[in-house]
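# Observations on the model geometry
So you can see what is in the structure, the chains are spelled out below.
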Amino acid sequence: MPKRKKSKKTQTNTKLLTYLAWFLALIALVLSALLSGYYIGFSDGKDKTEKIYSAQNNKQKALLKKLENSLNKKPISVSKRLKSVLKKETKQYISASHEIDGSSLASVPKMAKRKKVITPHKARLAIIIDDVGTKSQVEAIKSLRLPLTMSFLPPSKARPNSAKLAKLENLYMVHLPMEAQNWSAEEPNTLRIHDKQNRISARIKEIKQLFPKVKYINNHTGSKFTSNEVAMNRLIFALNANKIHFIDSRTTAQTKAPKVLKNFGLKYVSRDVFLDHHMDKPYVLEQIKKAIQVAKSHGTAIAIGHPHKNTLQALYESKELLKDVELVYINRL
């Protein structure tokens, strides 16, 4: 029998089945690839997540350990902190003896003694810290948490930011350099006895611009200047014009400040005790006791010290003693 040829319909069905098989195979291949990628990605993501959590956990453990160590450490003493803060500044200080003309003035000068004043409150003591000019000095003084009045030296090459530092304080003084009898290491723009009125007035005006809130000025050195009546007249005239009070550091027994201030109808105010004419701590501690005694005897007293570590350490160690008086800023006297 002769062979029959396949119909066109049968051939078409065969092709459709072939295409469908290939299509299904392709879909199966794509699905396999997607599933494979998902599991691989999931595995990688899982590893990354575990690493992140592990790192965070290690970081937390490190922080906890650091905190634990810090709690177990002994606190740094004030002495060490002051020594660290004032490391640079203390190199400049051998003593504060350059401030006064003769060691006898370190204690209470005869002219400064007053009659006892009966007051309803505790005797008041103001402590002025002279020669302030750097951030580290300010930080060290404020770390004591005592009401100490800082007296800033005017800006110079050695302390360019003194005025900027003062502006951050509510109350401060200016420690104005004046001519001394025997002191060669003068500050820039030191006032001298032969300076004319316009020179002194211009300097005080400049100080007022640098230190806008200044209400009190005391002399840095100045044993020669303050003992000259003409020079003091010119200074008090300039200060009065700028509403600034003069506080005599009493660097000489021959000071003309009492006479000049009286002539101007102004009250004379001066320091009673220098705390650190000698800078060893036992001496400073005794001077603090002396200042407290003066305050108790007369109702008020003013002591002057410097930002030396021994001075500040002595003040810290005298906190209990200072409770016998009311320690105040200079504007409270």
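This report concerns the structure included in the present document.

## Focus on the overall build of the chain
For the chain, the count of helices and strands is 10 helices and 9 strands. By residue count, 41% of the 333 residues in the chain fall in the buried class. The contacts of the chain with a sequence gap of at least 6 include a subset with a gap of at least 24, amounting to 76%. For the chain, the exposed surface amounts to about 20,200 Å²; the carbon and sulfur share of it is 57%.

## Structural notes on unusual backbone geometry
The phi torsion of most residues other than glycine is negative, and most of the peptide bonds are trans. Not every positive phi belongs to a glycine, and R145 is a case in point at roughly 55 degrees. By the element assignment, R145 lies in the loop between α3 (135–143) and β2 (149–152). Backbone geometry places T221, a non-glycine residue, at a positive phi of 55 degrees. Along the chain, the position of T221 falls in strand β4 (residues 216–221). T221 sits in the buried class, given a relative accessible area of 4%.

## Some details on the environment of E317
Mapped onto the secondary structure, E317 falls in helix α10 (residues 309–317). Residue classification places E317 among the partly exposed positions, given a relative accessible area of 41%. Excluding anything up to four places from it in sequence, E317 contacts K281 and L285.

## Structural notes on the nonpolar core
When a protein is soluble and globular, its nonpolar side chains tend to lie buried together. Counting 56 residues, the largest nonpolar core has L125, L235, F246 and L315 as its most contacted members. Residues in contact with L315, not counting those within four places in the same chain, are I127, I129, L144, L146, L148, L275, I288 and L322.

## Notes on the pattern of salt bridges
Tallied over the entire structure, the rule returns 14 salt bridges. Its salt-bridge partner being D324, residue K296 comes within 3.6 Å of it at the nearest N-O pair. Taken together, the positions of K296 in helix α9 (residues 281–298) and D324 in the loop between α10 and β9 (326–328) put the pair 28 residues apart, joining distant regions of the chain. By relative accessible area, which is 40% here, D324 ends up partly exposed. Residue E326 is joined to R332 by a salt bridge in which the shortest nitrogen-to-oxygen separation is 2.9 Å. For E326, a relative accessible area of 23% gives the class partly exposed. Through salt bridges with shared partners, a single ionic network connects E179, E186, R192 and K224.

## Comments concerning the packing of helix α5 (residues 197–210) against helix α7 (residues 229–241)
Relative to each other, α5 and α7 sit at 40 degrees, their axes nearing to 9 Å. Classed by the angle they form, the pair α5 and α7 counts as oblique. The interaxial crossing formed by α5 with α7 has right-handed handedness. Of α7, the residues touching α5 (which contributes Q197, I200, S201 and I204) are A231, R234, L235, F237, A238 and L239. Grouping the amino acids of the contact of α5 with α7 by side-chain chemistry returns 7 nonpolar, 2 polar and 1 charged.

## What about the environment of Q137?
Assignment of secondary structure puts Q137 in helix α3. A residue is classified by how much of its surface remains accessible, and Q137, at 3% relative accessible area, is buried.

Definitions and cut-offs
- Residues numbered from 1 in each chain as written.
- Predicted model: local features only at pLDDT ≥ 70, side-chain atom pairs only at ≥ 80, totals over all residues.
- Heavy atoms only, no water.
- Helix = DSSP H or I, 4+ residues; strand = E, 2+ residues; numbered from the N terminus.
- Buried < 20%, exposed > 50% of the residue type's maximum accessible area, 1.4 Å probe, protein only.
- Contact = heavy atoms within 4.5 Å.
- Areas by Shrake-Rupley, 256 points an atom, 1.4 Å probe, with all protein chains shown as cover.
- Core = buried A, V, L, I, M, F, W, Y, C linked by side-chain atoms within 4.5 Å.
- Salt bridge = Lys/Arg side-chain N within 4 Å of Asp/Glu carboxyl O.
- Axes fitted to C-alpha atoms, helices over the stretch in contact; angles between N-to-C directions.
- Parallel < 35°, antiparallel > 145°, perpendicular 65-115°, else oblique.
- Left-handed = near helix turned anticlockwise from the far one by under 90°.
- Nonpolar A, V, L, I, M, F, W, Y, C, P; charged D, E, K, R; others polar.

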